[in-house]
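Below are the chains, spelled out letter by letter.
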Amino acid sequence: MSRDVVVIGVGLSQWGELWDLSLRDIFVDAALAAIQDAGVDRIDAMYVGNMTAGIFTGQEHLASLLADYLGVTPIPAARVESACASGGLAVKMGFMDVALGLSEIVLVGGVEKMTDVGTEEATYALSTAADQDYEVYHGITFPGLYAMMARVHMEKFGTTRKQIAEVAVKNHYHGSMNPAAQYPQQVTAEQVMKSVMIADPLRILDCSPITDGAAAIILCSLDVAKKISKKPLIKIKGFGHATDSIALHSRTDLTLLPATVKAAQNAYKMAGISPAQIDVAEVHDCFTIAEIFIIEDLGFVPKGQGGKASEAGITRLGGKHPVNVSGGLKSKGHPVGATGVAQVVEIVTQLRGDAGPRQVKKARIGLTQNMGGSGGSSLVHILEVI
Amino acid sequence: MAGIVGYGSYIPKYRIRVEEIAKQWGADAESYRKGLMVEEKSVPALDQDTITMAVEASLRALSRAGINPLEIGAVYVGSESHPYAVKPSGTTLAEAIAATPEVHCADFEFACKAGSEAMFVALQLVQTGSMKYALAVGADTSQGAPGDALEYTASAGAAAFIMGTENLLATCEHTYSFMTDTPDFWRREHQFYPQHGGRFTGEPAYFKHITGCGEALLQKSGLKPQDFAYAVFHQPNGKFPIRVGRMLGFSKEQISQGLLCPRIGNTYSGSSPLGLTAILDAAKPGDLVFMVSYGSGAGSDGFIWKVTERIEQVRNAAPLTWDIINGEKNYLDYGLYSKYRRKIIKNN
């Protein structure tokens, strides 16, 4: 890698059920916020993470459309897709562009407009991230896939229903301190365990919501950043990107997310650090059980101990490994294509020390983990304040 | 000043419980009961429809009004379940109550606010002096697709109001209407069941229009929520009217007398008008009543009523709405319900 890459600007649009705004509106809102935060007067290239605007809004050819509405044509722009990990993939593409010296200042955005369709259509749109021939055709949906993963984890490691619920309790507690959170209401474990059944054992409060939202970051080389940025510089110290079968039944161990394990190993290796050195992490809690898998696969806790760790408060703000202090996908919201970028926005905010009541004290190194489908793709980024 | 001379309500005696519908679809009854705040809903019998229920409610309104039906100059029926696509419901109603032939007749349709629309127009007509009395009815045998969330609430009922300018039991102090093009709920020609925009039917639809109408009505009248003895809002479920009331500054106590949905479901065009009948059944002379309807598409009609001393004389001339609700009830299983609602379609 020829150049160090830093994040010099971050921005979020409003998140929620934004029925009076369009996909282009929210993307431009987030992008302008990031540009203003960075204090730059131009961008040289743009990458946009988006899962399936074609189904949600009927709109493809996104990169050019958004470049036009942001007023940055004719710069090169690309939309990248890796299901729910599209945002994380866009961050990687932007990183590569700057690291290789192709562009000086790159905007990485993520956007999803999910509420222009009804719940059934949204469920269908999301199911396109699963294996159509061997999973979806037989009637499975994502809550069903994660429910099966939860069952296996419970059976093999004795993970309890309450331990799984504690992930929602924690993330809603964190989200209650985040003004951007879609569902900042706090919940109790009992409320989670008594909420509407979705796919046994997962209930509605185990699931991340349907969200309209966009996120954006500005990347540039360390040399440029030193000249133009007045804020703490946040370096992307390492990344990892891995794939796995998207069909759950093709995996040999249903209690493991091999793509996340591999992506994390590569990111740690590149950054030259160990999991114990991560001060704060934003991970892909599309369902509560997913966070339990992920904290194990990132090496924060031993395999099988994720449930106990969640119940013990290890991943809570103030705990040994604060996870999803933004509220995570669960409370903050999950506009799928935007999520991977929004995770970086939160980590940068934390590493700058700007996170207010949800600030992790003395946070210097942060990690993001963004995942597609039931784990068929995973991206891990490690960031450090320099 | 224009107002109400007589009013009447009608609710079929058949009921189906939320549990019975949930059982059919393998759904969690408790979450529907809590989520919608509905226990059971009314169901029309096989030989009942919007017209028959409109007739029943109108006859009761006539009993309270104590007028000669030939003096009624207009008959308006608001519904989204008029039995005929072409041919008015109002003609049969006018004939049945002996108001023909010197009478203007029209059917109204605006999702759940068709009833209050009819009331609005009837009020204006008697106010102008172009006729002595005008009859306005909100009635529905509303439709909910099998398995849809609407099936737990879509019910049947009717409320009738005879408007005039003399011998009023309640005067209409102020009106206000609020309308935008908001497609939250619709049923196209030849479709059995309506479609809806899920959560979109909440904030940008129901709440926006009722608060928009309600706030303007308060401002126009110079009154505060505390000035009212009662308030009634459209009732698609039990929760929404309580929440929208709170948003406007009304307490649960002001709303409870007119809150019928938890016990009979959503009677659509009959919803807030039926709530008003329950309030008039209990109100004292001088009481102020705040009313805002809601119809998808979308709009709200707002009324401020002031109850007069005549209410005491005519109240018991017809059955009281809560007595009807608490009276004889026949509970249906899903099979009979399907038959009564003509959901069973023979394929030969």
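Position labels on residues start from 1 in each chain and follow its written sequence. The lettering of chains begins at A and the numbering of ligands begins at 1, in the order of writing. Local features in a predicted model are, by the rule used here, given only for residues with pLDDT of at least 70; side-chain atom pairs are given and counted only at 80 or more, and totals for whole chains, interfaces and linings are based on all residues.

What to know about the overall build of chain A
Argument step 1. Each helix is a run of DSSP H or I of at least 4 residues and each strand a run of E of at least 2, with the numbering of both proceeding from the N terminus. Within chain A one finds 14 helices and 11 strands.
Argument step 2. A principal-axis box enclosing the C-alpha atoms of chain A has dimensions of 55 × 45 × 35 Å.
Argument step 3. Here a residue counts as buried when 20 or more other C-beta atoms fall within 10 Å of its C-beta, as exposed when 12 or fewer do, and as partly exposed in between; the C-beta atoms come from the backbone. Across the 386 residues of chain A, 60% fall into the buried class.
Argument step 4. Put simply, 78% of the contacts in chain A that link residues at least 6 apart link residues at least 24 apart. Distance between backbone-placed C-beta atoms decides contact: two residues are in contact if it is within 7 Å.

With respect to the environment of Asp-354 of chain A
Argument step 1. Take Asp-354 of chain A: it is sitting in the loop between helix H14 (336–352) and strand S10 (365–372).
Argument step 2. With 12 C-beta atoms packed within 10 Å, Asp-354 of chain A lands in the exposed category.

Structural notes on helix H3 (residues 62–70) of chain A
Helical geometry: 3.6 residues make up each α-helical turn, so side chains three or four residues apart lie on a common side.
Residues and elements named next belong to chain A.
Argument step 1. Among the residues making up H3, those that are buried are Leu-62, Leu-66, Ala-67 and Leu-70. Looking straight down H3, one finds that the buried residues subtend no more than 125 degrees of arc, so they occupy a single side.
Argument step 2. Residues of H3 that are buried in the fold lie against helix H1 (23–38), strand S2 (45–49), helix H2 (53–56) and strand S3 (77–80).
Argument step 3. Within two residues after H3, Gly-71 carries a phi angle of roughly 80 degrees, on the positive side. The arc refers to the directions leading from the helix axis to the C-beta atoms.

Focus: the domain arrangement of chain A
Residues and elements named next belong to chain A.
Argument step 1. Where each domain starts and ends comes from a domain assignment, either automatic or drawn from a database. Domain annotation for chain A reports domain 1 (5–118 + 210–234) and domain 2 (129–207 + 237–385).
Argument step 2. Facing the 36 residues of domain 1 at the interface are 35 residues of domain 2.
Argument step 3. Mapped by element, the contributors of at least two residues to the side of domain 1 that touches domain 2 are strand S1 (5–12), helix H4 (86–99), strand S4 (105–112) and strand S7 (213–221).

Brief notes about the sheet that holds strand S11 (residues 230–233) of chain B
All names here are of chain B.
Argument step 1. If DSSP finds at least two bridges between two strands, the strands pair. Spatially, the nine strands line up as an open sheet ordered S5-S4-S6-S7-S1-S8-S13-S12-S11, and their pairing is mixed. Looking at which strands have only one partner, the edges of the open sheet turn out to be strand S5 (104–108) and S11. Each neighbouring strand pair of the sheet contributes to a mean axis angle of 20 degrees, computed without reference to strand direction.
Argument step 2. Direction of pairing for strand S12 (residues 288–292) relative to strand S13 (residues 297–307): antiparallel, over a ladder of five bridges. What sits directly across from Met-291, in S13, is Phe-303.
Argument step 3. Geometry is summarised by axes, namely lines fitted to C-alpha atoms with helices restricted to the contacting stretch, and by angles between N-to-C directions that run from 0 to 180 degrees. Packed onto the sheet, helix H6 (residues 202–221) meets strand S8 (170–182), S11, S12 and S13 and runs at close to 140 degrees relative to S8.

Section: helix H4 (residues 89–96) of chain B
Argument step 1. Every buried residue of H4 of chain B is accounted for by Ser-89, Gly-90, Thr-92, Leu-93 and Ala-94 of chain B.
Argument step 2. Positive phi shows up at Ala-98 of chain B, right after H4 of chain B, with a value of about 65 degrees.

A closer look at the interface of chain A and chain B
Argument step 1. Facing the six residues of chain A at the interface are seven residues of chain B.
Argument step 2. In terms of residue class, the side of chain A that touches chain B is made up of three nonpolar, two polar and one charged. Throughout, the ten residues Ala, Val, Leu, Ile, Met, Phe, Trp, Tyr, Cys and Pro are labelled nonpolar, Asp, Glu, Lys and Arg are labelled charged, and all others, Gly among them, are labelled polar.

With respect to the confidence of the model for chain B
Argument step 1. Residue-level confidence of the predictor, termed pLDDT, takes values from 0 up to 100. Scored by pLDDT, chain B comes out at a mean of 97, with 100% of its residues at no less than 70.
Argument step 2. Taken over the whole predicted complex, pTM reads 0.86, whereas the ipTM for its chain interfaces reads 0.73.

Focus: the pairing of S2 of chain A
Argument step 1. Where burial is concerned, most of S2 of chain A is hidden: five out of the five residues are buried.
Argument step 2. Taking every second residue as pointing to the same face, both faces of S2 of chain A are buried, with Ala-45, Tyr-47 and Gly-49 of chain A on one and Met-46 and Val-48 of chain A on the other.

With respect to the pairing of strand S3 (residues 40–43) of chain B
Residue and element names in this part refer to chain B.
Argument step 1. Here S3 shows two buried faces, one formed by Glu-40 and Ser-42 and the other by Lys-41 and Val-43.
Argument step 2. Here strand S2 (residues 14–17) runs beside S3; their pairing, made up of four bridges, is antiparallel. Looking across to S3, one finds that Arg-15 is bridged to Ser-42.

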